[in-house]
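Single-letter residue listing:
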Amino acid sequence: MDSAALDSPEDPIEAFRTKRDQIRSEMGGSAKLAQLSELGRLNVRERFDLLLDPGSFREVGTFAHSDRVADSAATPGDGKIGGHGLIAGRPVTVVGDDFTVKRGTSSVIGSSKLKRLYEQATTAGNPYIYLGETGGARIPDTMGSDGFTRLAAFPEFGVRPRRIPLVSAILGESFGGSSFISALSDFVVQVRGSCLAVTSPRVIEIATGESITLDELGGVEVHSRHTGQIDRQAGTEAEAIEAIQTFLSFLPSSVDHRNISLDSTASDAEGEFERSTRIATAVPASRRRAYDGRQLAALILDEAVFEIRPLVGRGLITGFSRLDGHTVGVVASQPMFQAGALDVQACLKATRLIRICDTFAIPMVFIQDTPGFLVGRNVEHARLLHSAMQLHQALVSSVTPKMTVVIRKAFGLAHHVMNGALMGSDLLVAWPGAEIGFMDPEVGANVVHSRTLAAEPTPTRNALHSELAAAMAHSTSPYGAAGSMTIDEIIDPAETRSVLRDRISRLADRRIPPPEARPLSYWPTC
Amino acid sequence: MSNSVSVTAEMSAAVWKIEIAVGSIVAEGDVLLLLESMKMEIPVEAPSAGVVAKVCVTPEQSVQEGDVLVVIDVSA
């Protein structure tokens, strides 16, 4: 560097460079940066480096600072850093809370930056990514009615129809803003050791006397296994960043872009033949024998499903994969868990996936092997009825093409809400061994023949039950449905993949309704 | 034990049938035991080839998610 220029404060270009570089390198101060580093955590600029293609970050709002005169020098960026960059060559917009500036708290100017960048992302049609760990609204800035009312509650992020993918990572203690935006996001990943909540334990204790740790309140275990308010958990920040990149690799950049279609990843004829053989033998002959739905889905599709909310509603797998290179949303039964029965969380995550797929015109594949909905007081009191009918409404309102394969069991309303008969499917096929009906014959026999069974002497009661169930099971074969054209075809299990590949390749050039005519782009994210 | 893999339960269930014993040689994907939950038999498969070093459960025992079921020595 030319030292003569540095020495000359009159040179506006050099002064600008010095100031810019200082803001970007010192951030909220070396002490704060060291503190983060000691905690084994990255600062927001290091996170951008991991997330974005090298050298692609173009910052917006470097010189922003608090509008409180007393804080202007101590608040470089005003707690939020952001700009535009590339991920795998595709344009994205990124913002993040800067922990080193007043704990990444939200004040007027920083929040304007988030909004400004969201407008630019929406205009350009590129995904918006928020790396969140805000401590909440900043005090005292927002205590009075002036500051408070100027700190808008992110109206633009809640506006429907959604036009661009919105992605959140929770990478530290998140209260207020970054938590709110995560709930408005299409995808949320949370890193182990962080906390996602509306209100911090400290405020909770002062307000109510309740004492609770960060982990108990909003740790990854709480959200990944209980609330379902995150889509994935990550062990490290790097893993969280990778999850974002993977998620975005499945999604178009905006509602105005077509679905992502890679070159077909289908293997050669020999590989496809081997695959079809494995699909045909993946499902055990005994209807009581479970199998791993993830493995079956990975055989039928090009690759393993990138799961959304894998640890709740575990009787159902929801996520993204590819079929003949095209991104597809996947809803597949998981007989290993709850025999593949649907519960409240299964309905919620399926609804979420349908919403994303309809908004971004991504076709869907449903794979059915479900005994129905979970029954009992617990699920009924946890709003099973409303969750199921929410899924119902999302399904029948969506216009993206949806294909279904009935593998084995397909009982009750669970069959319908998993894109079953007369629910608007683009293709509905069944394996020859499929059982389709109102309820599992083993249960049905008990209900219909309860008096006969009760009158039967104990030694022969089981045999009679099996006989009655078998008689009912006969009528659940798919030929009844195929005979009345309520399913399109009965297929050889070995041709499952080729039937779906053929259909999706025909759909690739279909006429796609304009974004406004995709009803679920108006659907709430939560 | 130099190189072993613990096979854990993915869900709460009852142990139904054990298909191997200590010393059994298993290939990847072999069924080690069957769990029972919601009237379904759930096969637990060997994640990799090896020799069964330890069977930690007995039939009818109930297990929780994360419990170790079988330990396989994969050092060979």
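Residues numbered from 1 in each chain as written. Chains lettered and ligands numbered in written order. Predicted model: local features only at pLDDT ≥ 70, side-chain atom pairs only at ≥ 80, totals over all residues.

**Student:** Tell me about the overall build of chain A, residues and numbers included.
**Tutor:** Tallying secondary structure elements over chain A gives 23 helices and 17 strands in all. In terms of overall dimensions, chain A has a C-alpha envelope of 100 × 60 × 40 Å along the principal axes. Looking at chain A as a whole, 48% of its 526 residues qualify as buried. Excluding contacts between residues fewer than 6 apart, the proportion of contacts in chain A whose partners are at least 24 apart in sequence is 73%. (Helix = DSSP H or I, 4+ residues; strand = E, 2+ residues; numbered from the N terminus. Buried ≥ 20, exposed ≤ 12 C-beta atoms within 10 Å, placed from the backbone. Contact = placed C-beta atoms within 7 Å.)

**Student:** Describe the sheet that holds strand β3 (residues 25-26) of chain B, and please don't skip the residues or the numbers.
**Tutor:** All names here are of chain B. Read across the sheet, 4 strands follow the order β1-β8-β6-β3 without closing on themselves; strand pairing throughout is antiparallel. Edge strands, defined here as strands with exactly one partner in the open sheet, are β1 (4-8) and β3. The sheet contact formed by strand β6 (residues 50-55) and strand β8 (residues 68-73) spans 4 bridges and is antiparallel. Paired with Val-51 across the two strands is Asp-73, which belongs to β8. (Pairing = 2+ DSSP bridges.)

**Student:** Describe the packing of helix α13 (residues 269-282) of chain A against helix α14 (residues 293-300) of chain A, and please don't skip the residues or the numbers.
**Tutor:** Residue and element names in this part refer to chain A. In contact at an axis separation of 9 Å, α13 and α14 are set at 150° when each is read in the N-to-C sense. The orientation of α13 with respect to α14, classified from their angle, is roughly antiparallel. When you trace α13 past α14, the crossing you get is left-handed. Listed contacts from α14 to Arg-275, Arg-278, Ile-279 and Ala-282 of α13 are Gln-295, Leu-296, Leu-299 and Ile-300. Broken down by class, the residue content of the contact of α13 with α14 amounts to 5 nonpolar, 1 polar and 2 charged. (Axes fitted to C-alpha atoms, helices over the stretch in contact; angles between N-to-C directions. Parallel < 35°, antiparallel > 145°, perpendicular 65-115°, else oblique. Left-handed = near helix turned anticlockwise from the far one by under 90°. Nonpolar A, V, L, I, M, F, W, Y, C, P; charged D, E, K, R; others polar.)

**Student:** An account of the pairing of strand β3 (residues 90-97) of chain A is needed here, citing residue identities and associated values.
**Tutor:** Residues and elements named next belong to chain A. In terms of residue burial, β3 counts as a mostly covered element, since 6 of its 8 residues are buried. Relative to β3, strand β2 (residues 80-87) runs antiparallel, the two being bridged by 8 bridges. Residue pairing across strands places Gly-82 opposite Val-95, the latter belonging to β3. Between β2 and β3, which pair antiparallel and follow one another directly, the connecting turn spans 2 residues, one of which, Ala-88, has a positive phi of 50°.

**Student:** An account of the environment of B:Glu65 is needed here, citing residue identities and associated values.
**Tutor:** Residues and elements named next belong to chain B. Along the chain, the position of Glu-65 falls in the loop between β7 (62-63) and β8. Here the alpha-carbon distance between Glu-65 and Lys-54, two residues 11 residues apart in the chain, equals 18 Å. Contacts of Glu-65, omitting those with residues within four sequence positions, involve Ala-9, Glu-10, Met-11 and Ser-12.

**Student:** Any details on the environment of A:Lys19? Residues and values, ideally.
**Tutor:** Residue and element names in this part refer to chain A. Positionally, Lys-19 belongs in helix α2 (residues 12-26). Taking the number of C-beta atoms within 10 Å as the measure of exposure, Lys-19 has 13 and is therefore partly exposed. Each C-alpha atom of the pair Lys-19 and Arg-461 lies 87 Å from the other, and the pair is 442 residues apart in sequence.

**Student:** Run through α14(A), naming residues and quoting values.
**Tutor:** An α-helical turn contains 3.6 residues, so a residue and the one three or four places further along point in the same direction. Every buried residue of α14(A) is listed here: A:Gly293, A:Leu296, A:Ala297 and A:Ile300. For α14(A), the angular spread of buried residues about the axis comes to 100°, placing them on one side. (Arc of directions from axis to C-beta.)

**Student:** Describe the nonpolar core, and please don't skip the residues or the numbers.
**Tutor:** Residue and element names in this part refer to chain A. Membership of the largest hydrophobic core comes to 131 residues, with the highest contact counts inside it found for Ile-244, Val-330 and Val-365. No other element matches helix α15 (residues 344-359), which puts 9 residues into this core. Val-330 has contacts with Ala-297, Leu-301, Val-305, Ile-317, Thr-318, Gly-319, Phe-320, Ser-321 and Val-365, leaving out every residue within four places of it along the chain. (Core = buried A, V, L, I, M, F, W, Y, C linked by C-beta atoms within 7 Å.)

**Student:** I'd like to hear about the interface of chain B and chain A, residue by residue, with values.
**Tutor:** Listed per partner, the contact involves 8 residues of chain B and 9 residues of chain A. Here the residues of the side of chain B that touches chain A are counted per class, giving 5 nonpolar, no polar and 3 charged.

**Student:** Summarise unusual backbone geometry; cite the residues concerned and give the values.
**Tutor:** Keep in mind that most residues, glycine aside, have a negative phi and that most peptide bonds are trans. Residue and element names in this part refer to chain A. In this structure, Pro-140 follows Ile-139 across a cis peptide bond, with omega equal to 15°. Relative to the helices and strands, Pro-140 resides in the loop between β4 (128-132) and α6 (145-150). The omega torsion of the bond from Arg-160 to Pro-161 falls at 5°, within 30 degrees of zero and hence cis. With respect to the helices, strands and loops of the structure, Pro-161 is situated in the loop between α7 (155-158) and β5 (166-170). With a phi angle near 50°, Phe-154 is a residue other than glycine that sits in the positive phi range. Along the chain, Phe-154 falls in the loop between α6 and α7. In this structure, Ala-339 is a non-glycine residue whose phi angle is positive, near 60°. Along the chain, Ala-339 turns up in the loop between β12 (326-333) and α15.

**Student:** Mind laying out the sheet that holds β7(B), listing which residues take part and the relevant values?
**Tutor:** All names here are of chain B. Spatially, the 4 strands line up as an open sheet ordered β5-β4-β2-β7, and their pairing is antiparallel. Whereas interior strands pair on both sides, the edge strands pair on one side only; in this sheet they are β5 (40-45) and β7. The pairing of strand β2 (residues 13-18) with strand β4 (residues 31-37) spans 4 bridges and is classified as antiparallel. Counted as the bridge partner of Lys-17 is Leu-34 from β4.

**Student:** Which residues make up the pairing of β12(A), and what values go with them?
**Tutor:** All names here are of chain A. Burial analysis of β12 places 8 of its 8 residues in the buried class, which makes it a mostly covered element. On β12, burial covers both faces: His-326, Val-328, Val-330 and Ala-332 on one face and Thr-327, Gly-329, Val-331 and Ser-333 on the other are all buried. As consecutive antiparallel partners, strand β11 (residues 316-323) and β12 are separated by 2 residues, and within that stretch Asp-324 has a phi angle of approximately 55°, a positive value. Two strands pair when backbone bridges link them, and β12 and strand β13 (residues 364-370) are joined in this way by 4 bridges, in the parallel orientation. Bridging from a neighbouring strand, Ala-332 pairs with Ile-367 of β13.

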